[in-house]
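# Secondary and tertiary structure notes
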Amino acid sequence: IYTLSLHDALPISLSLEWYSGTVGFDNCPIEELNLYRQLNATRKVPHFKYARTVHFGSSVTRIESAMFSVNEVLERLVIPGSVSSIGPYAFKNCTNLKTVKFEYGPEKLHIVSDNYDSGLNSFNYTSLDSLYIERNLNITAPESGKSSAISKVKHVVVGDKVTEISEGLFRGSTVLETVYIGKGVEKIGENAFIGCSNLYSVILDCPITTIESDVFS
C-alpha cells in the first residue's frame, strides 16, 4: 500500500493486537496518507511510521498519542484548524520533520502532556527548522529545569490571528534563532522564551499589553 485515503465523517478505531504488539497498518509502506475521518487509537504505539505525506481533512479533530512517532521520513506537516488536541508523543522522534504549520482555528489547540512526563510532549526529539503558528496554543508548561515540548526549532513565525503566546512555550530552545510575532498578540506568558541562548532576532509587530515575568531571561 503506497497511498491510503480514509473517507466519511464517522470515526474509525485502530486496535492493538496484544500478542504481536502491532496495529492495523503497522509495517505497511504507506507513503501518502489522507485522513478525512477521525482515527481513534487504543494504545500509545506508532501507527504510520513510513508516511512521507500526511493530509488531515476537516473531520479530524484529534491526533492520538504516538500516532506518527518514530516516523523518520515525514518532513512537512500542516495541522488544520479543525484539530482541537494533539496527544502526547504524537510526533516524537520524527527526526526528519522540518516544517510544521498550525492553521487558524477558532479555539485553542491543546498540546497534551503525559501525566508521567510533564514537559515531554508531542514534538519531542524533532529538529524543526520552521514553525508557523496561526492559532492560540494551550500547552502544559514544563516543570522548572525542563525544556518545552517544542524545544528544537530554529525559526518561529506567529501569525496575526494569535492573541497570546502561552507560558513556557519555547522554554529551553537552545537552537531558536529568530522569532516574528504578528499584529494580534497581546500577551506573552511567563518563561515563554527563557533559556533560548541563541535567540538573536525578535520582531514585535504587535500592541502587547501584558508581558509576564522572565519571558526572555
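### So, the overall build of the protein
- A count of helices and strands for the protein gives zero helices and 18 strands.
- With 217 residues in all, the protein has 47% of them scored as buried.
- Within the protein, contacts between residues separated by at least 24 positions form 47% of all contacts whose residues are at least 6 apart in sequence.
- By element, 48% of the accessible surface of the protein is carried by carbon and sulfur atoms, the whole surface being about 10300 Å².

### What about the sheet that holds strand S14 (residues 164-165)?
- Strand order across the open sheet formed by three strands is S14-S16-S18, with parallel pairing between neighbours. Looking at which strands have only one partner, the edges of the open sheet turn out to be S14 and strand S18 (210-211).
- Bridge count for S14 against strand S16 (residues 187-188) is two bridges, and the pairing is parallel. Looking at S16, one finds that Ile 165 is bridged to Ile 188.

### Remarks on the nonpolar core
- Counting residues in hydrophobic clusters, the biggest one holds 48 residues, and the most contacted among them are Phe 91 and Phe 102.
- Look past the residues within four positions of Phe 91 in its chain and what remains in contact with it is Ile 63, Phe 68, Ser 69, Leu 74, Leu 77, Ile 79, Ile 86, Ser 122, Phe 123, Asn 124 and Thr 126.

### Brief notes about the packing of aromatic side chains
- In this structure the tally under the stated criterion is four aromatic pairs.
- Each member of the aromatic cluster is reached from another via a ring pair, and the members are Phe 48, Phe 56, Phe 68 and Phe 91.
- We note Lys 161 situated over the ring of Tyr 104; from NZ or CZ to the ring centre the distance is 4.6 Å.

### Re a nonpolar patch on the surface
- Taken together, the side chains of Val 202, Leu 204 and Phe 216 make up a nonpolar region of the molecular surface, amounting to roughly 250 Å² of accessible area.
- Relative to the elements of secondary structure, Val 202 occurs in strand S17 (residues 201-204).

### Some points on the confidence of the model for the protein
- Model confidence for the protein is summarised by a mean pLDDT of 79, while 75% of its residues fall at 70 or above.
- Of the regions scoring below 50 in pLDDT, residues 12-22 engages in 24 contacts with residues more than four places distant in sequence or in other chains.
- Scored below 50 in pLDDT, residues 116-120 makes 13 contacts in the model with residues more than four places away or belonging to other chains.

### Examining the sheet that holds strand S9 (residues 99-102)
- Pairing is parallel in the open sheet, where six strands are placed in the order S7-S9-S11-S13-S15-S17. Edge positions in the sheet fall to strand S7 (76-79) and S17, since each has one partner strand and no second. When the angles between neighbouring strand axes are averaged without regard to direction, this sheet yields 10 degrees.
- Inspection of the sheet shows S7 paired to S9 by four bridges, in the parallel sense. Residue pairing in the sheet places Val 78 in a bridge with Lys 101 of S9.

### Observations regarding the side chain of Glu 64
- Residue placement: Glu 64 occurs in the loop between strand S6 (62-63) and S7.
- The exposure class assigned to Glu 64 is buried, which follows from its relative accessible area of 15%.
- Engagement of the side chain of Glu 64 in a polar contact is seen with the side chain of Arg 62, the distance being 3.2 Å.

Basis of the calculations
Residues numbered from 1 in each chain as written. Predicted model: local features only at pLDDT ≥ 70, side-chain atom pairs only at ≥ 80, totals over all residues. Heavy atoms only, no water. Helix = DSSP H or I, 4+ residues; strand = E, 2+ residues; numbered from the N terminus. Buried < 20%, exposed > 50% of the residue type's maximum accessible area, 1.4 Å probe, protein only. Contact = heavy atoms within 4.5 Å. Areas by Shrake-Rupley, 256 points an atom, 1.4 Å probe, with all protein chains shown as cover. Pairing = 2+ DSSP bridges. Core = buried A, V, L, I, M, F, W, Y, C linked by side-chain atoms within 4.5 Å. Phe/Tyr/Trp six-rings, centres within 6.5 Å; stacked < 30°, edge-to-face > 60°. Lys NZ or Arg CZ within 6 Å of the ring centre and 35° of its normal. Patch = residues over 30% accessible without salt bridge, like charges linked within 9 Å, V, L, I, M, F, W, Y side chains within 5 Å. Salt bridge = Lys/Arg side-chain N within 4 Å of Asp/Glu carboxyl O. pLDDT = per-residue confidence, 0-100. Axes fitted to C-alpha atoms, helices over the stretch in contact; angles between N-to-C directions. Polar contact = N/O pair within 3.5 Å; in protein donor to acceptor, adjacent residues only side chain to side chain.

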